[in-house]
Amino acid sequence: MTVYQNLIPRFIKYVKKETRSDENSQTVPSTPSQVEFARELVTELTNLGLSKVHISQKSAYVLATLPSNLAKDQQVPTVGLIAHLDTADFNAKNVSPQIIKNYDGKSAIQLGTSQYRLDPHEFPNLRNYAGQDLITTDGQTLLGADDKAGVAEIITAVEYLLNHPEIKHGQIQIGLGPDEEIGTGADHFDVKEFNADLAYTVDGGPLGELEYETFNAAQAKIKLIGKNVHPGSAKNVMVNALQLAFDFHAQLPSDEVPEKTSGRQGFFHLLQLTGTVDQASMTYIIRDHDRDKFEARKDLLRQVARLLNAEYGQKRVIIDLQDQYYNMREVIEKDLMVVELAKKAMEDLQIKPVIFPVRGGTDGSKISFMGLPTPNLFAGGENMHSRFEFISLQTMQQAVAVILKTIQLIAKQNS
């Protein structure tokens, strides 16, 4: 059995299962399809020979253990491998992947029979994959490599270890969780139940990504209360909630938005604006890598609300501001061993580590603050959350190799 024998069949099987999460749901997991997928994974992991396979009542994660095959007197850290089951807010029904073998790195790829193409002129990242085999969508759905690739890579790596007991390793804990895409999946994660000393999410993008710095993140839901009267007699009486929304947005820095920022630059992102003259609502996400700047952004929203309420002499702007996650660097930089081990694994495999601040977050952002340092490894997906999503077979294989190499390096700790 080769390392990669079941990787692509497993991945294709997974992405064909619709597991989109729903931020409006009150259940955990947020959708029945995730529950169904989790149950199927329990069966698969049990059949592979893992132990303690179950769905946690606390977290709704699929949990499984690969016991150590080291001598009893060899104590090494227990490694956690984490990925998520859900896909993003884009059509995920009837996913029909196509495989482009030996892509030439310059031609446009027709996505099924749709009107859409993957064109290097529009997506220059395609040029990085000359000679590789690409898996794309048919143009009608997302692919789901975020994070079915991570799920497939983790299970393939553990399957290889089960079939090759000569490879020495400490105890390995697997956690496959729901609702990462709506930011709630790790809320119920139980570090004590998971019982790992260090962990990795396998949820990154292209080859070599190794991430331990994320955004600090918050969401603001803003209610704007208007007063609707006949427009013919509206002077000094009408309060247009939609205009109030425009006035609110105009008080924010126009250049501090996602489409005008990069690197460590934070932003305000208006996700939604709906309403009428009588009442409107806005939803923002607020992001910044620096904690002080993050707090200043939240304060600015509150200041704008106070300013407008003072102007109207009554409370017409109501803000519900909730933190979502924090920059896990605050935790991980206290002991970078977990990062250095993964970095060395990549270097040993002649993969250049690409370490940079993530303009987003992972479940590891929350889990790290729960006391389990959890940086993020590449899984291989590109153009995620869209019909233009694709992944390289060769990058997925290298992701499995990095998981295996990291586990072996950790097994040498104190052994």
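Bear in mind that the values here come from a model prediction, so they are computed numbers and not experimental data.

The rules behind these values
Residues numbered from 1 in each chain as written. Predicted model: local features only at pLDDT ≥ 70, side-chain atom pairs only at ≥ 80, totals over all residues. Heavy atoms only, no water. Buried < 20%, exposed > 50% of the residue type's maximum accessible area, 1.4 Å probe, protein only. Helix = DSSP H or I, 4+ residues; strand = E, 2+ residues; numbered from the N terminus. Arc of directions from axis to C-beta. Contact = heavy atoms within 4.5 Å. Polar contact = N/O pair within 3.5 Å; in protein donor to acceptor, adjacent residues only side chain to side chain. Pairing = 2+ DSSP bridges. Axes fitted to C-alpha atoms, helices over the stretch in contact; angles between N-to-C directions. Parallel < 35°, antiparallel > 145°, perpendicular 65-115°, else oblique. Nonpolar A, V, L, I, M, F, W, Y, C, P; charged D, E, K, R; others polar. Phe/Tyr/Trp six-rings, centres within 6.5 Å; stacked < 30°, edge-to-face > 60°. Lys NZ or Arg CZ within 6 Å of the ring centre and 35° of its normal.

## Comments concerning helix α5 (residues 241-250)
All buried positions along α5 are accounted for by A241, L244, A245 and F248. One side of α5 carries all its buried residues, which in axial view fall inside an arc of 105 degrees. Next to the buried residues of α5 lie β11 (216-225), β12 (267-275), β13 (279-288), α6 (291-312) and β14 (317-325). By the N-cap criterion, in which a side-chain oxygen at the helix start approaches the backbone nitrogen of a residue two or three places on, α5 is capped by N240, the distance to L242 being 2.9 Å.

## A few points about the pairing of strand β2 (residues 62-66)
With respect to burial, β2 is a largely interior element, five of its five residues being buried. Burial of β2 is two-sided: the residues V62, A64 and L66 facing one way and the residues L63 and T65 facing the other way are all buried. Hairpin geometry of strand β1 (residues 51-55) and β2 is characterised by an intervening segment of six residues between the two adjacent antiparallel strands and by a positive phi of about 70 degrees at A60. As paired strands, β2 and strand β8 (residues 172-177) are joined by five bridges and run antiparallel to one another. By the bridge assignment, T65 is partnered in β8 with Q173.

## Quick look at the packing of helix α1 (residues 7-15) against helix α10 (residues 393-411)
Each pair of packed helices gets described by two things: the angle between the helix axes and the distance between those axes. Following both chains from N to C, one finds α1 and α10 inclined at 105 degrees, their axes separated by 11 Å at the closest point. Considering their axes alone, α1 and α10 lie roughly perpendicular with respect to each other. Facing L7, I8 and F11 of α1, the residues of α10 in contact are L393, M396, Q397 and V400. Residues that form the contact of α1 with α10 fall into these classes: six nonpolar, one polar and no charged.

## Overview of the packing of aromatic side chains
Under the counting rule described, the total for this entry stands at ten aromatic pairs. An angle of 85 degrees between the planes, with centres 5.9 Å apart, marks the rings of Y116 and F388 as edge-to-face. Note that Y116 is positioned in the loop between β5 (109-110) and β6 (117-118) and F388 in the loop between β15 (376-378) and β16 (390-392), a separation of 272 residues in sequence. By way of ring pairs, the aromatic residues Y61, F189 and F194 are connected into one cluster. Of note, K148 hangs over the ring of F37, and the distance from its end group to the ring centre comes to 5.3 Å. Sitting above the plane of the Y326 ring, R291 keeps its charged end 4.1 Å from the centroid.

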